[in-house]
Amino acid sequence: MKRVLLVEDDELIAELERDFLEASNFQVEIELDGDRGLKKALRGDYDALILDVMLPGKTGFDVCRELRKTLH
């Protein structure tokens, strides 16, 4: 099963996205802010990362930039 990290600060949206992804046979983990999302992305082995742009802490753009620097 493919693993997805969803970083979304609106809990209702995150739950809807998780339900849709799980119905499509994805395993989904949710983080509600950019800082925790980045930490979890660096520790985990995810097949995909879905980032909201406007997040508390680090923005989705910041998380993406830091992941690219760290992983490449």
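The model shown is predicted, which means the values in this text are computed figures rather than measured ones. (Residues numbered from 1 in each chain as written. Predicted model: local features only at pLDDT ≥ 70, side-chain atom pairs only at ≥ 80, totals over all residues. Heavy atoms only, no water.)

## Notes on the environment of E66
Residue position: E66 is located in helix 3 (residues 60–71). The partly exposed category is assigned to E66, whose relative accessible area is 26%. The spatial distance from the C-alpha of E66 to the C-alpha of A14 is 22 Å, given a sequence separation of 52 residues. E66 has contacts with L38 and K58, leaving out every residue within four places of it along the chain. (Helix = DSSP H or I, 4+ residues; strand = E, 2+ residues; numbered from the N terminus. Buried < 20%, exposed > 50% of the residue type's maximum accessible area, 1.4 Å probe, protein only. Contact = heavy atoms within 4.5 Å.)

## Describing the side chain of D33
Structurally, D33 is set in the loop between strand 2 (26–31) and helix 2 (34–43). At 3.0 Å, the side chain of D33 and the backbone nitrogen of D35 are in polar contact. Setting aside residues up to four positions removed in sequence, D33 forms contacts with V7 and P56. (Polar contact = N/O pair within 3.5 Å; in protein donor to acceptor, adjacent residues only side chain to side chain.)

## With respect to a nonpolar patch on the surface
There is a patch of nonpolar side chains on the surface, built from V53, M54 and F61 and spanning about 320 Å² of accessible area. Considering the arrangement of structural elements, one finds M54 in the loop between strand 3 (48–51) and helix 3. (Patch = residues over 30% accessible without salt bridge, like charges linked within 9 Å, V, L, I, M, F, W, Y side chains within 5 Å. Areas by Shrake-Rupley, 256 points an atom, 1.4 Å probe, with all protein chains shown as cover. Salt bridge = Lys/Arg side-chain N within 4 Å of Asp/Glu carboxyl O.)

## Here we look at the pairing of strand 1 (residues 2–7)
Pairing geometry for strand 1 and strand 2, over six bridges, is parallel. Residue pairing in the sheet places R3 in a bridge with Q27 of strand 2. With helix 1 (residues 11–23) bridging strand 1 and the parallel strand 2, this β-α-β connection has right-handed handedness. Across four bridges, the pairing between strand 1 and strand 3 is parallel. Within strand 3, the position partnered with L5 by the bridge is L49. (Pairing = 2+ DSSP bridges. Right-handed = clockwise from strand over helix to strand, strands pointing away.)

## With respect to the sheet that holds strand 2
Spatially, 2-1-3 is the arrangement adopted by the three strands of the open sheet, whose pairing is parallel. Looking along the sheet, the strands with just one partner apiece sit at the ends: strand 2 and strand 3. Each strand of the sheet is rotated relative to its neighbour by a mean of 20 degrees, with strand direction disregarded. (Axes fitted to C-alpha atoms, helices over the stretch in contact; angles between N-to-C directions.)

## Examining unusual backbone geometry
Look at N25: it is not a glycine, yet its phi comes out positive at around 70 degrees. Along the chain, N25 turns up in the loop between helix 1 and strand 2.

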